[in-house]
Amino acid sequence: MLGRLFSTAPIQSFLHRVSRMMKPQVVFVLGGPGAGKGTQCSRIVECFNYTHLSAGDLLRAERGREGSECGQLIDTFIKDGKIVPVEITISLLRKAMEETIQKDQEKIRFLIDGFPRNEDNLQGWNRDMDGKADVKFVLFFDCNNQTCVNRCLERGRSSGRSDDNRESLEKRIQTYQQSTRPIIDLYEKQGKVRTVDASRSVEEVFADVKSILDKEG
Ligand code: UDP
Ligand code: MG
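Reading guide: rules and limits
Residues numbered from 1 in each chain as written. Chains lettered and ligands numbered in written order. Predicted model: local features only at pLDDT ≥ 70, side-chain atom pairs only at ≥ 80, totals over all residues. Heavy atoms only, no water. Buried < 20%, exposed > 50% of the residue type's maximum accessible area, 1.4 Å probe, protein only. Helix = DSSP H or I, 4+ residues; strand = E, 2+ residues; numbered from the N terminus. Pairing = 2+ DSSP bridges. Near = heavy atom within 4 Å. Polar contact = N/O pair within 3.5 Å; in protein donor to acceptor, adjacent residues only side chain to side chain. Areas by Shrake-Rupley, 256 points an atom, 1.4 Å probe, with all protein chains shown as cover. 1 Å grid on protein atoms, 1.4 Å probe; cavity = no way out; pocket = protein on both sides within 12 Å on 5 of 7 lines; lining within 4 Å. Sits in = over half its atoms within 2 Å of the grid points. Core = buried A, V, L, I, M, F, W, Y, C linked by side-chain atoms within 4.5 Å. Phe/Tyr/Trp six-rings, centres within 6.5 Å; stacked < 30°, edge-to-face > 60°. Lys NZ or Arg CZ within 6 Å of the ring centre and 35° of its normal. Salt bridge = Lys/Arg side-chain N within 4 Å of Asp/Glu carboxyl O.

> So what exactly am I meant to see when it comes to the pairing of strand 3 (residues 109-113) here?
Here is the key point about a regular strand: its side chains alternate between the two faces of the sheet. Most of strand 3 sits out of view: 4 of its 5 residues are buried. Summarising the sheet, strand 1 (residues 25-31) and strand 3 pair through 5 bridges and their orientation is parallel. Across the sheet, valine 27 pairs through a bridge with leucine 111, a residue of strand 3. One ladder, built from 4 bridges, connects strand 2 (residues 51-54) with strand 3; its direction is parallel.

Put into structure tokens, the structure is as follows:
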């Protein structure tokens, strides 16, 4: 039977399990390029029971995957500091969440780093994930543009990232200001943003992050 050839069993069993247990709990982690999202998320997972999913890292992995149909598109978007169509990003995020929960049913807490970055991302999330995951709050790393640029240029000396150069950074900052800030503002109006001054040292920033997470659970 076709059903046996193209089994939907893994998806069904995943959804079945999700319906039985707690919904995935999500914290969106936002801030400009170089604000320290990735660094702080690594620190968080050392102390708290969260799984860190970086949308940018997932996209870079997909870009490099042999046989990927959207590798070229992702490559162009990243270099231009543009935001990849949400269908791609959401499918990678969903897959990563599902795989995590399938391995361990207790692992339902996620830091989603670098997403949602624009209206298209937000609409895609609401369309796909509404009712399936709870967004607890947005952790916002607030950092001035100059510091962000300097950090990325510094990182660019060793990161090998195609977008840690002046040209891409200008575009990334522009995308951040024009597209991502309005999303943070929207969540702010809902009282869902927890802001940290991210222009300080990793330790100082993490002290604030820790007290937020201690409070929020
Ligand atoms: N990106 C995207 N959608 C996302 C996350 C990232 O299109 O949801 C792309 C976008 O081009 C962005 C790049 O990936 O400029 C790098 O994102 P990342 O979060 O890794 O950069 P960071 O902000 O951490 O420096
Ligand atoms: Mg990052």
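> What should I look at first to understand the site of ligand 1 in this one?
Neighbouring ligand 1 are 21 residues, the closest being Lys37, Arg60, Lys82, Val84 and Arg172. At 2.7 Å from an oxygen atom of ligand 1 is found a main-chain nitrogen or oxygen belonging to valine 84. At a separation of 3.3 Å, an oxygen atom of ligand 1 approaches a polar backbone atom of glycine 114. For ligand 1, the accessible surface in isolation is 530 Å², of which the surrounding protein chains cover 96%. One can see that ligand 1 is located within the largest pocket.

> How do you make sense of the nonpolar core when you look at a structure like this?
One broad trend across soluble globular proteins is that nonpolar side chains are buried collectively. If you look at the biggest cluster of nonpolar residues, it comprises 27 residues, and the most contacted ones within it are Val26, Phe28, Met97, Ile112, Phe115 and Trp125. Where this core is concerned, the elements lending two or more residues are strand 1, helix 6 (86-103), strand 3, helix 7 (119-129), strand 4 (134-142) and helix 9 (166-189). Sort the elements by how many residues they give to this core and helix 6 lands first, with 6 residues.

> Any chance you could explain the packing of aromatic side chains here in plain terms?
The description of two aromatic rings rests on the distance between their centres and on the angle between their planes. Under the criterion given, the structure shown has 4 aromatic pairs. Between the aromatic rings of phenylalanine 28 and tryptophan 125, the centroid separation amounts to 5.0 Å while the plane-to-plane angle is 75°, which identifies the pairing as edge-to-face. Here the residue phenylalanine 28 occupies a position in strand 1, and tryptophan 125 occupies one in helix 7, the gap between them amounting to 97 residues. Here the two residues phenylalanine 28 and tryptophan 125 agree in accessibility, since each one is buried. The rings of Phe28, Phe115, Trp125 and Tyr187 are connected pair by pair, giving a single aromatic cluster. Directly above the aromatic system of phenylalanine 206 lies the positively charged group of arginine 43, at a separation of 4.7 Å from the ring centroid. Positioned above the aromatic ring of tyrosine 50, the side-chain terminus of arginine 109 is 4.5 Å from the ring centre.

> What is the right way to look at the pattern of salt bridges in this model?
Opposite charge on two side chains permits pairing when their charged atoms draw close. Counted according to the given criterion, the structure contains 24 salt bridges. Taking the shortest distance from any N to any O, the salt bridge between arginine 43 and glutamate 46 comes out at 3.9 Å. On the criterion of helical spacing, the pair formed by arginine 43 and glutamate 46 is a turn pair, its members being 3 residues apart in helix 3 (residues 37-47). Between glutamate 167 and lysine 171 there is a salt bridge, with the nearest N and O atoms lying 4.0 Å from each other. Highlighted residues: glutamate 167 and lysine 171, both in helix 9, separated by 4 residues, approximately one helical turn. The class of glutamate 167 is exposed, set by a relative accessible area of 58%. Since its relative accessible area comes to 31%, lysine 171 is described here as partly exposed.

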